[in-house]
Amino acid sequence: MPLLLVLHWKHGAGSPLPFTPVNATCATRHPCHSNVMSQIRNQLAQLNGSANALFILYYTAQGEPFPNNLDKLCAPNVTDFPPFHANGTEKARLVELYRIIAYLGAALSNITQDQKLLNPNALSLHSKLSVTADVMRGLLSNVHCRLCNKYHVAHVDVAYGPDTSDKDVFQKKKLGCQLLGKYKQVIGIVTQAF
Amino acid sequence: MALFAVFQTAFALALLSLRTCQSEVLDEYLPLAPQSLNVSINATLQHLRLQWIVHQLPYQELQMVFPIEISRIETSKVIWTGNYSTTVKKNQVLHWSWESELPLECATHFVRIKSIANDARFPQLNFVSNWSSWEEVPAPTPGDSQWLIFPRSKLVEEGANVTFCYNSETNHNISCYLGDELIHREQLDSNLYTFQLTNVPFINIYGITIACWENNRIDGAVLFVSKVLEEPKNFSCQTQDYKTLKCTWDPGVDTALGYNKQPSQHYTLFESISGKKKFCGQKNWCDWEISEDFPKTYNFTLTAENYLRKRTVRSVFDLTDRVHPKAPESVQFKNVGTTNATVTWKMPVLGNYVPLLCHIQLHDKETVRQEHNVSIRVNGEFLFRELQPDTEYMVRIRCIEATHLWKWSEWASQTFLTAEAAPSKALDVWRIVRSDKGLHNVALLWKPLSKFHANGKILFYNIIAQNLDKKSELKRLCIHAPANGTELTLGQGSYQIQVTANNSVGTSPASEIVISGSSENEEVEEERINGTEDGFFISWKPRSGNMTRYVVDWCAHPQSLHCDLQWKHVGPNTTSAIISSDAFRPGIRYNFRIYELSAEKTAYLVERKTGYTQELAPSDSPQVVVRNLTSHSFALSWKAYDTESQSGFIQGYYVCLKSNTTQCHPDSVRVGLPDKSTCCKHDISDPKQKTFLVKNLQPESFYEFSVSSYTSAGEGPNTTFMKVTTPDGRSYMLMQIILPVTLCVLLTAVMCYWKSQWVKEKCYPDIPDPYKSSILSLIKSKENTHLTIMNVKDCIPDAIEVIHKSEGTKAQFPGTEKLFTESDSPKPANLYLLPAEDFSGPAPCISFENFTYNASACDSDSFAHIPVPSTALPNQLGMLASPDNVENTHTNSQEEIPAGEISLNYVSQLASPMSGDKDTLLIDPPEPVLCSEYKMQMAVPSHLASPVPSEMAASLEPF
């Protein structure tokens, strides 16, 4: 995932890029399951169901001042977070969902890596982060399949969050908390939209 | 020429001027001044790094001092001044760092430097430069405008002081916390605040967060606190093969921090003589290669280093002093016998055959048996002597370099087993003899040989019993190990028993004991002894002088089925022994028997002892029975008490009596009971007394009692009280009388019933029934069918004389009629009974009246008259006349005639030829002879004569 982050890191990162035109060639390794949309909904529901617990686990593991200052340290003020319009077409919503999940997947990977260094004893947090990342990978695959098969969208340009490798420890903790706060907020909206 | 001169002068002046100028410049800008000063920031370490050069050193090196000044915010605010002394070499770039307490991000710093040449080797070169110009070091621009506090993350040692700063032109209302603790704030400048943390502790390797609030903004910094790097301890180097030196040390605490803030300290080994340096990959050891032409002396410096500190230790040594041989190899044994064995071993080659001193230890299972030192070069060998047969030994060998004795090698160990030998000691044998019907049942016991004496595994025991009276009578037994006893049944006479133990090699010396033909003297009195926790002290008196030793035996577990007989030998000159055993328990009675063992190996019982190591209170109480209960007393008795099973010598009994009375008998005391009641306690101090009479009781009263025994240790358990109610006195007496009387009556009744026939025959024989007489049928059939039964009128009565003794009146016969008509004379009863109208006429028969006979008549056996009981008479007569009349008449007739005054003389007209036996009469009736047959005593009217009702017949049946 860091490699993915590096590969996609370029000037202008943070702003979503347009997806592939409709008439582009689209191919998937495996045919989509007929109930892929149902699977997408289930995966969204699963993520939505665990997002709050993950958020709590995260800020608890960081220690003070995080648990008592969530509004200041963990407010969902994440710049460049991909937008989502619940009233758009299914195709548009799927494209936006793809961007969001790709963004979150990369961010979760960085957070997991940081937390393993910063809080090596917070095993439940590590486990929860890993499970969430796994579900997101599956969701991303299903969304891609749906876009490809139904809407013939072979490629969607995605954006990732800012590079945090040069951030200090406190900033990393804070950015992770903000991102998980944002994730908790967005995943609820997205789940309702589908 | 002049022009040339002028030109030359001008040139000279110019040159002079130039030299003067040059001299001034040299004076002003000597090359020894620091130049090219460059100041940079190491944000991680919060260091200002200075870098400069000194041009054109006149010498290869020069000792110089560089004064340095550092200002903060503005040049006038000098915060630090110091000197940096060093030896400057030609073309050397000089470095110096200054650690700022205040984070460099918070304020601009200024640095200037100058130089002083102050080398004693060049006194003429006494030079001080001017200060360089101020070099400005601007504060790093934060990459994020949200950042409030600096440094963002800092690495410090435990116990350090840390300063955080905050530089804000807009907001001055900021406060910072470490956990819940507010950090003291200090204002350095109009926009610059500092927060000072002193003596920071080590909390964890992942850092501690300092959180700062500015209105609605929160920022934080993470402080990484490292443990203080410790100096390596126990640093030493040694070689085992003259090829490699292995240096080891104790690294102390690991100073690594999380998030890659600081790795573990690393170690570097530097040898100053060779100038070689090695980075040690391990934290507590490092190998150093010894070159072929190895130096004799080494000077090692071990440096431990982390981001914050360095620690060094040194070790100087000669290589030959640090030889630590490897453990011996190939430890083997040869020529292993019963008492000898040879061990060989080999040492790893150590250089040029260095002399070694080896230390050998011989262990058995318990301890070190032998220790030896042997000098060797490479191969070692040693012979062990005085070993024990059939014993496993362990040999341990270690060696040391013999010259410098630096350090012993590790132990090398190996075990071996010596060969077996024949057992070396006779068995310790003892016996229990029980005589039964002339036979001796001998329980033969022996103690297993110790491993020391067994010299191998004992396989079996041989037993030979020889009759000393009949030498040819031998009994042989082979008992397989691990048995330690057997049973023998021997006949009469004395027997000598020999017991030997055998292993695979041979036989032990024989152990002998003689069983005497005479039975053991069991009449020796038993004496009580007092034991202690340590055992029993037993002493006895010698019985005879012809003995070899004494034997004391006892049961280790006397209360179990197998008593586990123990015995102890005591020398002949000793008449006491202390018997101690781990098996002894308090409250258990142990019985000891002391035997003399004669020279012929015969045992004679000398004394008996019994005692406890510690007496305890009785564990149970006797079973009590109440006897002889009366209204005023009762007796208690209990069975012979099993004192053997008691936990102490029974010294007596307590009888505790509860009653409603408040007074106790004078020989008892009132004691309280656990249930808060009281009882009168009688003390029976004689343990042989097993009865107790409780007296002076009240009738019809309720009593409770208990009986408990006691020993020197106390009283037995208070058993449940038994209840007794004394009976009423009168009813008791009545019972005393009524019971025997009732028994007598019953006995008499039984006797009477048993002899009823006899009594009946004697006292009231059956009266023959005239209606059943066979004569009737005879009369009917032959003479007169109307004639039924004899009527009184038909008979000519015999004369009855009534004799009045007092009056002397004599009735005259044959004036019979006159006699019956006289009113003042006693009248026979039948005169009233027989009705005159039914009289059928006279008959030529002889009859007799049926008077109630007097005593003399009843006793007349010759006529066999059966007396009629007075009670039967009314029934018999009831059919004939009024019972009242009959009874009255009959009674009157008896009463009116005094027995002493009147006697009736019955004069029979005919003597009956038959006996009075009715049965005989019925069976063998007489021949009908006119007027000579026995006539019925009563006349019955014809209409009543036949037939007799069955009821009546039944009622008359007994007669």
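Since the model is a prediction, treat every value here as computed from it, not as a measurement.

(A) Highlighting a nonpolar patch on the surface. A cluster of nonpolar residues, Leu734(B), Ile737(B), Ile738(B), Val741(B) and Val745(B), forms a patch on the protein surface that exposes about 460 Å² of accessible area. Note on Val745(B): relative accessible area 52%, which makes it exposed.

(B) Just the confidence of the model for chain A, in detail. Mean pLDDT over chain A: 81, with 85% of residues reaching 70 or higher. A low-confidence stretch, residues 1-24 of chain A stays under pLDDT 50, and its non-local contacts, those more than four residues away or across chains, total 44 contacts.

(C) Inspection of the environment of Pro82(A) at higher detail. Inspection of the secondary structure puts Pro82(A) in the loop between helix H3 (70-73) and helix H4 (90-118). Excluding residues that lie within four positions of it along the chain, Pro82(A) makes contacts with Arg99(A), Ile100(A) and Tyr103(A).

(D) How the structure looks around the state of the cysteines. Residue and element names in this part refer to chain B. Considering all chains together, one arrives at nine disulfides over all chains under this definition. A disulfide bridge connects Cys-280 with Cys-286, and the sulfur atoms are separated by 2.2 Å. Judged by the sign of its S-S torsion, about -95°, the cystine formed by Cys-280 and Cys-286 is left-handed. Accessibility classification places Cys-280 together with Cys-286 in one group, the buried group.

(E) Highlighting helix H2 (residues 36-62) of chain A. Residues and elements named next belong to chain A. Taking 1.5 Å of rise per residue, 27 residues should cover 39 Å, and H2 covers 37 Å from first to last C-alpha, within 8% of that figure. The sharpest bend along H2 comes to roughly 35°, located at Ala-51. Following H2 by one or two positions, Gly-63 adopts a phi angle in the positive range, close to 75°.

(F) Fine view of unusual backbone geometry. Residue and element names in this part refer to chain B. The peptide bond linking Phe-150 to Pro-151 adopts the cis configuration, its omega dihedral lying at -5°. Checked against the element boundaries, Pro-151 lands in the loop between strand E10 (149-150) and strand E11 (153-157). A cis geometry characterises the amide bond from Ala-481 onward to Pro-482, with omega recorded as 10°. Look at Asn-91: it is not a glycine, yet its phi comes out positive at around 60°. Of note, Asn-91 is situated in the loop between strand E4 (78-89) and strand E5 (93-99).

(G) Spatial organisation of the interface of chain A and chain B. With 18 residues of chain A in contact, the opposing surface of chain B contributes 18 residues. When chain A packs against chain B, the two sides together hide about 1600 Å² of surface, and 60% of this comes from carbon and sulfur. Taken together, the connections running from chain A to chain B amount to one salt bridge. Arg152(B) serves as the salt-bridge partner of Asp168(A), at 2.7 Å between the closest nitrogen and oxygen. Counting across the interface, chain A meets chain B through three residue pairs in polar contact (both at pLDDT 80 or more). Per element, the largest residue contribution to the side of chain A that touches chain B is six residues, and it comes from helix H6 (residues 169-193) of chain A.

About the criteria used
- Within every chain, residues take consecutive numbers counted from 1 along the sequence as written.
- By the order in which they are written, chains take letters starting at A while ligands take numbers starting at 1.
- Restriction of local features to residues with pLDDT of at least 70 applies here, the model being predicted, together with a cutoff of 80 or more for giving and counting side-chain atom pairs; totals for whole chains, interfaces and linings are based on all residues.
- Just so you know, side-chain values use all the structure's heavy atoms and leave hydrogens and water out.
- A patch is a set of surface residues, each over 30% in relative accessible area and not in a salt bridge, joined within 9 Å for like charges and within 5 Å for the nonpolar side chains Val, Leu, Ile, Met, Phe, Trp and Tyr.
- Note on areas: these come from Shrake-Rupley sampling with a 1.4 Å probe, and a residue is covered only by the protein chains present in the view.
- Salt bridge criterion: a side-chain nitrogen from Lys or Arg within 4 Å of a carboxyl oxygen from Asp or Glu.
- When accessible area is computed with a 1.4 Å probe and restricted to protein chains, residues below 20% of their type maximum are described as buried, those above 50% as exposed, and intermediate ones as partly exposed.
- Every residue gets a pLDDT, meaning the predictor's confidence in that residue, from 0 to 100.
- Two residues form a contact once any of their heavy atoms are found within 4.5 Å.
- Secondary structure elements follow DSSP: runs of H or I of four or more residues count as helices, runs of E of two or more count as strands, with numbering from the N terminus.
- Here, two cysteine sulfur atoms that lie within 2.5 Å of each other are counted as a disulfide.
- In a helix, the anticipated span is given by 1.5 Å times the number of residues less one.
- We define the bend at any residue as the angle between the axes fitted to the seven residues before and including it, ending there, and the seven starting there.
- When two components associate, each loses some accessible surface as probed by a 1.4 Å sphere; the sum of these losses over both components is called the buried area.
- Any N or O atom pair separated by 3.5 Å or less is treated as a polar contact, with the protein-specific requirement of one donor-capable and one acceptor-capable atom, and with residues adjacent in sequence counted only for side-chain atom pairs.

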